[in-house]
Amino acid sequence: MKQIWYAVSLLTCSLLATHTASAEPSPAPEALLQQMSAASQSLNYELSFIGITKQGIDSYRYRHAKKQTSQFGDLLLMDGPRREVVQRGNDISYFETGLQPFTLAGDHIVDSLPELVFSDITNLAKYYDFIAVGRARAVDRNCEVIRVVSRDGSRFSYIVWIDEQDKLPLRVDLLDRDGETLEQFRVISVTVDPAVEEAFNGIEKANLPPVLSIPDSSKAQFSWSPKWLPDGMKEVSRSKRQLPNLPVNIESRLYSDGLFSFSINVNTTNNTASADQIVRQGRRTVQTEVRNGNEITVVGELPPSTAKRISDSIVFGQ
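Keep in mind that what you see is a predicted model, and the values were worked out from it rather than measured.

Quick notes on the rules
Residues numbered from 1 in each chain as written. Predicted model: local features only at pLDDT ≥ 70, side-chain atom pairs only at ≥ 80, totals over all residues. Heavy atoms only, no water. Helix = DSSP H or I, 4+ residues; strand = E, 2+ residues; numbered from the N terminus. Buried < 20%, exposed > 50% of the residue type's maximum accessible area, 1.4 Å probe, protein only. Areas by Shrake-Rupley, 256 points an atom, 1.4 Å probe, with all protein chains shown as cover. pLDDT = per-residue confidence, 0-100. Contact = heavy atoms within 4.5 Å. Pairing = 2+ DSSP bridges. Axes fitted to C-alpha atoms, helices over the stretch in contact; angles between N-to-C directions. Salt bridge = Lys/Arg side-chain N within 4 Å of Asp/Glu carboxyl O. Phe/Tyr/Trp six-rings, centres within 6.5 Å; stacked < 30°, edge-to-face > 60°. Lys NZ or Arg CZ within 6 Å of the ring centre and 35° of its normal.

Engineer: Outline the overall build of the protein chain, supporting the account with residue identities and numerical values.
Structural biologist: Of regular secondary structure, the protein chain possesses 5 helices and 19 strands. Classification of the 318 residues of the protein chain by burial places 43% in the buried group. Total accessible area on the protein chain stands at roughly 17,300 Å², and carbon and sulfur atoms take up 52% of it.

Engineer: For unusual backbone geometry, give the residues involved together with the corresponding values.
Structural biologist: Phi at Asp140 takes a positive value of approximately 60°, unusual for a residue other than glycine. Within the secondary structure, Asp140 sits in the loop between β7 (128–138) and β8 (141–150).

Engineer: With reference to specific residues and values, describe the confidence of the model for the protein chain.
Structural biologist: Mean pLDDT for the protein chain: 88, with 88% of residues reaching 70 or above. Taken together, the stretch residues 1–23 has pLDDT below 50 and engages in 1 contact with residues farther than four places along the chain or on a different chain.

Engineer: Could you give an account of the pairing of strand β16 (residues 277–281), naming the residues involved and the relevant values?
Structural biologist: Bridge count between β16 and strand β17 (residues 284–291): 5 bridges; the pairing is antiparallel. Counterpart to Ile278 in the pairing with β17 is Gln287. Connecting β16 to the antiparallel partner β17 that follows it, the hairpin turn spans 2 residues, and Gly282 within it adopts a positive phi of roughly 65°.

Engineer: Can you lay out the sheet that holds strand β6 (residues 102–105) for me, pointing to particular residues and giving the numbers?
Structural biologist: Pairing in this open sheet of 11 strands is antiparallel, and the strands run β6-β5-β4-β3-β2-β1-β11-β10-β9-β8-β7 from one edge to the other. Where the open sheet ends on each side, the last strands, each with one partner, are β6 and β7. For this sheet, the mean inter-axis angle between neighbouring strands, taken without regard to orientation, is 20°. Of the strand pairs in this sheet, strand β1 (residues 45–53) and strand β11 (residues 181–192) are connected by 8 bridges, and their pairing is antiparallel. Paired with Leu47 across the two strands is Val190, which belongs to β11.

Engineer: Help me get a handle on the pattern of salt bridges, residues and values and all.
Structural biologist: Within this structure, the stated rule accounts for 22 salt bridges. With a closest N to O distance of 2.7 Å, Arg141 and Asp163 form a salt bridge. Residue Arg141 is located in strand β8, and its partner Asp163 is located in strand β9 (residues 157–163); the two are separated by 22 residues in the primary sequence. For Asp163, a relative accessible area of 3% translates into the label buried. Arg155 is paired through a salt bridge with Asp257; the nearest N and O atoms lie 2.8 Å apart. Taken together, the positions of Arg155 in the loop between β8 and β9 and Asp257 in the loop between β14 (249–256) and β15 (261–268) put the pair 102 residues apart, joining distant regions of the chain. The two residues Arg155 and Asp257 agree in class, both being buried.

Engineer: Run through the packing of aromatic side chains, naming residues and quoting values.
Structural biologist: In total, this model carries 9 aromatic pairs according to the counting rule given. Between Phe49 and Tyr60, the ring centres sit 5.1 Å apart and the planes meet at 15°, which makes this aromatic pair stacked. Taken together, the residues span a long stretch of sequence, with Phe49 in strand β1 and Tyr60 in strand β2 (residues 56–67) at a distance of 11 residues. Summarising the burial analysis for this pair, Phe49 and Tyr60 share the class buried. Members of the aromatic cluster, connected to one another through ring pairs, are Phe49, Tyr60 and Phe185. Above the plane of the ring of Trp224 lies Arg253, whose end atom (NZ or CZ) is 4.6 Å from the centre. Over the aromatic face of Trp228 sits the side chain of Arg309, whose NZ or CZ is 3.9 Å from the ring centroid.

Engineer: Could you give me a rundown of the sheet that holds β15, with the residues and numbers involved?
Structural biologist: What the 6 strands build is an open sheet, ordered β13-β14-β15-β18-β17-β16; its pairing is antiparallel. Single-partner strands in this sheet number two, and they are β13 (234–242) and β16. Each neighbouring strand pair of the sheet contributes to a mean axis angle of 15°, computed without reference to strand direction. With 7 bridges connecting them, β15 and strand β18 (residues 294–300) associate as antiparallel partners. Bridging from a neighbouring strand, Asn265 pairs with Thr297 of β18. The strands touched by helix α5 (residues 304–312) are β15, β16, β17 and β18; relative to β17, the strand with the most contacts, the crossing angle is about 30°.

And the structure:
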């Protein structure tokens, strides 16, 4: 009888402990996103994940390690022709079958990984609402689910599943303004282990492709500018270039809010009969119109109505 009562007491204590743990309040959504960003850039881990878009499903392996103050990353496409992106510090090197490898300057790999993971959450908080959705499961792990929505309603939104234990993102959905899923990042296995850094022993001393030089175009002067932009969007670069084999100069401005980006491209044209065109493929929208001998093209991660509003706001002769 004593053994039965002892077992019942243990079971009761266990249930009470479970109830107490589940009743603990979750951290604020902004704090959870900051923990996710910090974990993604400080832990040694390996993820196997799939990227789901309207075009299909691709599978990847991503490894990350931090050695002293340097970030190391390796993103490998697991199917089809070999494609790999390697990060060593601020050098991001691209290797793809049939193409000459090259290196770009950057602080993280952007290809196929959610930009939200590497964003400045404190800055985003000025323009986005972070909404706690609740708890869920992903990859057989308990998660906190957060929704990220722009306050002015001019951009897409995210839903992110954050591992309660390691704070890594286990699923990220990109949604349009009607709630339709445009893209999914879904982890299918995760390993957090200091030994992951051993995978980068060869990369640490390898001869990577040279860094591509990008001409400084910060002094380029344009006679046009947009009079309306979504809140938080800032110009990050501009360029002026000529189309290959065509006597046409294109003036471009690139904008970003740290989460989404787009460019405005303007060139002169003799085609005055072109009708406005707008095409959306997944997260990317292309809006084109001709006005007073100028072709205006807005390209980027925007809903079509936002791209159209930006295009309509462009003023010449400024």
